[in-house]
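Geometric and topological summary
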Amino acid sequence: AGATPPAGRFEKFANRFGVTVRPWKPALGGYVLLCPPTVGLQTFYKILEHDWIRQTVDRLPAALRGRAKVRRKGDPGEASDVVRGASLVVVHSSKVAFDALATGVPAIASEGIVAQWNGRTPEEAGEDLTKCDRMALFHYASWCQFTYKEIESGLAWRAALALQVGSPAFPVEALVR
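Everything quoted here is computed from the prediction, not taken from an experiment.

What to know about the overall build of the protein chain
- Counting its secondary structure elements, the protein chain contains eleven helices and four strands.
- Taken across its 177 residues, the protein chain has 38% of its residues classed as buried.
- Partitioning the contacts of the protein chain with sequence separation of at least 6, the portion at a separation of at least 24 is 60%.

Right, dumping it as structure tokens:
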């Protein structure tokens, strides 16, 4: 992994966007929410939605397979409402995983930063997925999103270089100019 970024940035985002990290929800037998890749991601990763869904369900522990519920980007209703009723969220690569983790619902991803963070797979869905340090993920991810002003100033580029694998330390002084 790369260097550890300085704290404080996630808290600013959380305050700005009204994100509250809630305690982990007890797994009480809710459904397993599957969020397949969008058409753009299907094209990029050369996968088909129905194949991803089938393969993901097949990889879940047998006890969870019948509890799978699919939600696609753009489906009616608020994603946050659907996430709240889930006991687990499995995404291809989606912000819904972050929403789930902040709500206290464990999440697994096929691709992207959540997949790299916890390395969990659908086969592990029956295990306790609340042992991962989600705050570390939130802090790291906050240094992967930038405002136009930060991009223009060069902050985004400096942070990307600092977070690369092999960086000895996150150079706070290089970011605060």
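A look at the packing of aromatic side chains
- Summed over the entire model, instances satisfying the criterion amount to four aromatic pairs.
- Ring centres 5.1 Å apart and planes at 15° place the aromatic pair Phe10 and Phe138 in the stacked group. Placement of the pair is Phe10 in helix α1 (residues 9-17) and Phe138 in helix α8 (residues 134-142), with a sequence separation of 128 residues. Just as Phe10 is buried, Phe138 falls in that class too.
- Here the aromatic rings of Phe98 and Phe138 are separated by 6.2 Å at their centres, their planes lie at 35°, and the arrangement is tilted. On the criterion of sequence distance, the pair formed by Phe98 in helix α6 (residues 95-103) and Phe138 in helix α8 is long-range, its members being 40 residues apart.
- By relative accessible area, which is 5% here, Phe138 ends up buried.
- Members of the aromatic cluster, connected to one another through ring pairs, are Phe10, Phe98 and Phe138.
- Sitting over the ring of Tyr31, Lys69 keeps its end group 4.4 Å from the ring centre.
- If you follow Arg134 out to its NZ or CZ, it ends over the ring of Trp24, 4.1 Å from the centre.

Topic: the pattern of salt bridges
- Under the counting rule described, the total for this entry stands at eight salt bridges.
- A salt bridge links Asp51 to Arg54; the shortest N-O distance between them is 3.4 Å. Of this pair, Asp51 and Arg54 both sit in helix α3 (residues 49-59), three residues apart, which is roughly one turn of the helix.
- Of the residues examined, Arg54 reaches a relative accessible area of 43% and is grouped as partly exposed.
- Across the pair Asp128 and Lys131 runs a salt bridge, and its minimum N-O distance is 3.4 Å.

Some details on the nonpolar core
- Grouped together as the largest cluster of nonpolar side chains are 22 residues, with contacts concentrated most on Leu33, Val83, Val89 and Val91.
- Of all the secondary structure elements, the ones that give two or more residues to this core are α1, β1 (31-35), α5 (79-84), β3 (86-91), α6, β4 (107-109), α7 (112-118) and α8.
- For this core, the element with the highest residue contribution is α6, accounting for five residues.
- With near-sequence residues (within four places) excluded, Val89 lies in contact with Leu33, Val83, Val96, Ala100, Val105, Pro106, Ala107 and Ile108.
- Formed by twelve residues, the second largest nonpolar core is a distinct cluster that contains Leu34, Leu64, Leu88 and Ile108.

Quick notes on the pairing of β3
- Counting buried positions along β3 yields six of six residues, so the element is predominantly enclosed.
- Pairing analysis gives five bridges linking β1 to β3, with the strands arranged parallel. The partner of Val32 across the bridge, within β3, is Leu88.
- Here three bridges tie β3 to β4, and the two strands are oriented parallel to one another.

Looking at the sheet that holds β1
- Taken in spatial order, the four strands make up an open sheet running β2-β1-β3-β4, and their pairing is parallel. The two strands at the open ends of the sheet, each matched to only one other strand, are β2 (68-70) and β4. Looking at each pair of strands side by side, their axes are set apart by 25° on average, direction ignored.
- The strands touched by α3 within the sheet are β1, β2 and β3, with β1 carrying the most contacts at an inclination of about 150°.
- Seen against the sheet, α6 touches β1, β3 and β4 and runs at an angle of roughly 155° to β3.

Conventions we followed
- Residues numbered from 1 in each chain as written.
- Predicted model: local features only at pLDDT ≥ 70, side-chain atom pairs only at ≥ 80, totals over all residues.
- Heavy atoms only, no water.
- Helix = DSSP H or I, 4+ residues; strand = E, 2+ residues; numbered from the N terminus.
- Buried < 20%, exposed > 50% of the residue type's maximum accessible area, 1.4 Å probe, protein only.
- Contact = heavy atoms within 4.5 Å.
- Phe/Tyr/Trp six-rings, centres within 6.5 Å; stacked < 30°, edge-to-face > 60°.
- Lys NZ or Arg CZ within 6 Å of the ring centre and 35° of its normal.
- Salt bridge = Lys/Arg side-chain N within 4 Å of Asp/Glu carboxyl O.
- Core = buried A, V, L, I, M, F, W, Y, C linked by side-chain atoms within 4.5 Å.
- Pairing = 2+ DSSP bridges.
- Axes fitted to C-alpha atoms, helices over the stretch in contact; angles between N-to-C directions.

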